[in-house]
Amino acid sequence: MSEQAEQRKVALVTGANKGIGRGVAAQLAAAGMTVLIGARDPRRGEEAAAALREAGGDVHAVALDVTDAVSVREAAEVVEERFGRLDVLVNNAGISGSGRIAPADAHDQVPSTVDLDMVRRVFETNVFGVIAVTNALLPLLRRAPEPRVVNVSSHAASLTIFSDPDGPMASLLPSAAYSPSKSALNALTVQYANELRKDGVLVNAVAPGFVATDSNAHTGFLTVEQGAAVVVRLATAGEDGTTGGFFGEEGPIPW
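K.L.:
In this structure, what is going on with the environment of D115? I would like to understand it.
P.N.:
Mapped onto the elements of the fold, D115 is located in the loop between β4 (88–91) and α5 (116–141). With a relative accessible area of 43%, D115 lands in the partly exposed category. Sequence spacing of D115 and A132 is 17 residues, and the spatial spacing of their C-alpha atoms is 24 Å.

K.L.:
I tried to follow the nonpolar core on my own but got confused; where do I start?
P.N.:
Across soluble globular proteins, you tend to see nonpolar side chains buried next to one another. Ranked by internal contacts, the top residues of the largest apolar core, which has 34 residues, are L12, L36, L86, L89, L137 and V203. Looking at this core, the elements that each hand over two or more residues are β1 (10–13), α4 (69–83), α5 and α7 (178–196). Counting residues per element, this core draws most heavily on α5, which supplies 10 residues. Excluding residues within four positions of it along the chain, L89 makes contact with L12, V133, T134, L137, L141, R148, V149 and V150.

K.L.:
Any chance you could explain the packing of helix α2 (residues 19–30) against helix α3 (residues 42–54) here in plain terms?
P.N.:
A pair of packed helices is captured by two measures, namely the crossing angle of their axes and the spacing between those axes. The interhelical angle for the contact between α2 and α3, taken along N-to-C directions, is 35°, at an axis separation of 11 Å. Every pair of crossing elements has a handedness; the one defined by α2 and α3 is right-handed. Residues R22, A25 and A26 of α2 lie in contact with α3, whose contacting residues are A48, A51 and L52.

K.L.:
Hey, could you run me through the sheet that holds β4 in this one?
P.N.:
The 8 strands lie next to each other as β3-β2-β1-β4-β5-β6-β7-β8, forming an open sheet whose pairing is mixed. One side of each edge strand has no neighbouring strand; the edge strands of this open sheet are β3 (58–63) and β8 (251–252). Packing against the sheet, helix α8 (residues 224–235) makes contact with β4, β5 (148–152), β6 (202–206) and β7 (246–248), and its axis sits at approximately 155° to β5.

K.L.:
Which parts of the structure should I look at to understand the pairing of β1?
P.N.:
Looking along a regular strand, one sees the side chains alternate between the two faces of the sheet. Across the two faces of β1 the burial is the same, with V10 and L12 and A11 and V13 all buried. Between the parallel elements β1 and strand β2 (residues 34–39), the chain passes through α2 in a crossover that is right-handed.

K.L.:
I'm lost on the packing of aromatic side chains in this one. Help?
P.N.:
Each pair of aromatic rings is reported with the distance of its centres and the angle of its planes. In total, this model carries 1 aromatic pair according to the counting rule given. Taken together, a centroid distance of 5.5 Å and an interplanar angle of 25° make the contact between F246 and W255 stacked. W255 sits in the partly exposed class, given a relative accessible area of 40%.

K.L.:
Mind showing me how you'd approach the side chain of H60 here?
P.N.:
Relative to the helices and strands, H60 is located in strand β3. At 2.7 Å, the side chain of H60 forms a polar contact with the side chain of D58. Discounting chain neighbours no more than four positions away, the residues touching H60 are T34, V35, L36, I37, A49, R53 and R82.

K.L.:
Any chance you could explain the packing of α4 against α5 here in plain terms?
P.N.:
Interhelical geometry of α4 versus α5 gives an angle of 25° and a closest axis separation of 9 Å. In terms of axis orientation, α4 runs roughly parallel to α5. In this structure, α4 meets α5 at a crossing whose hand is right-handed. Where α4 approaches α5, its residues V72, A76, V79 and E80 are matched on the opposing element by A132, V133, A136, L137 and L140. Partitioned by chemical class, the residues of the contact of α4 with α5 number 8 nonpolar, no polar and 1 charged.

K.L.:
What exactly am I supposed to notice about the pattern of salt bridges here?
P.N.:
Evaluation of the coordinates by the stated rule reveals 11 salt bridges. R43 is paired through a salt bridge with E47; the nearest N and O atoms lie 2.9 Å apart. Of this pair, R43 and E47 both sit in helix α3, 4 residues apart, which is roughly one turn of the helix. In this structure R43 comes out as partly exposed when scored by relative accessible area, which is 48%. E47 sits in the partly exposed class, given a relative accessible area of 45%. Here R142 makes a salt bridge to D199, at a shortest N to O gap of 3.3 Å. Pair noted here: R142 is in the loop between α5 and β5 and D199 is in the loop between α7 and β6, with a separation of 57 residues, a long-range link. Overall, the relative accessible area of 42% leaves R142 in the partly exposed class.

What counts, and where the lines are drawn
Residues numbered from 1 in each chain as written. Predicted model: local features only at pLDDT ≥ 70, side-chain atom pairs only at ≥ 80, totals over all residues. Heavy atoms only, no water. Helix = DSSP H or I, 4+ residues; strand = E, 2+ residues; numbered from the N terminus. Buried < 20%, exposed > 50% of the residue type's maximum accessible area, 1.4 Å probe, protein only. Core = buried A, V, L, I, M, F, W, Y, C linked by side-chain atoms within 4.5 Å. Contact = heavy atoms within 4.5 Å. Axes fitted to C-alpha atoms, helices over the stretch in contact; angles between N-to-C directions. Left-handed = near helix turned anticlockwise from the far one by under 90°. Pairing = 2+ DSSP bridges. Right-handed = clockwise from strand over helix to strand, strands pointing away. Phe/Tyr/Trp six-rings, centres within 6.5 Å; stacked < 30°, edge-to-face > 60°. Polar contact = N/O pair within 3.5 Å; in protein donor to acceptor, adjacent residues only side chain to side chain. Parallel < 35°, antiparallel > 145°, perpendicular 65-115°, else oblique. Nonpolar A, V, L, I, M, F, W, Y, C, P; charged D, E, K, R; others polar. Salt bridge = Lys/Arg side-chain N within 4 Å of Asp/Glu carboxyl O.

And the structure:
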């Protein structure tokens, strides 16, 4: 590895072969980082990495299924063997549970009729997967001089916003899976931030906004680049950066 490569910060973005994750990977690479694209499908991960390398980035694919303990462990081993540390972890991998439909059409999320197996699947990825990946990579994050963890959340995680009958979420159907999973992710963010503050690890949750992606059938009104920008801002925060917060493009978001 060249001296220049050794000086690059190393970032891992989960679920990064498409959508917001890929946008984050592209922007971190453009900022001069070595970026690892975590993807369940190795072929799709490598295709995304190759495209970003063609654009001039130092980008590589890592097979990573956040719901598979063996896959998580092996991905952590790859990072350790190749780089010996991790500067930035972006926990982006997530599922809505309802497939590729607009949130307003997610009738299967209504609490009184929801399928519990669907709720479990959503939490397995959006909550338990974040714990698994973060814990596997913490030893490598602690070796970095300014480690950053960013959990990709959603405005739908905000109990304050969602409980307002006249608020911006009032037109959405009640959600028993996706929204509660992101609220749980926010709670985890605070707990990790509290534990890791003494180690200099900054941990924050970010709501990219309503970005047009596969998960919402491209009904969002923001571009991937716009959604990724706020994630990258927290991922590249300096030593005076905050920790234990919940942010969007507009600034702090109420819990």
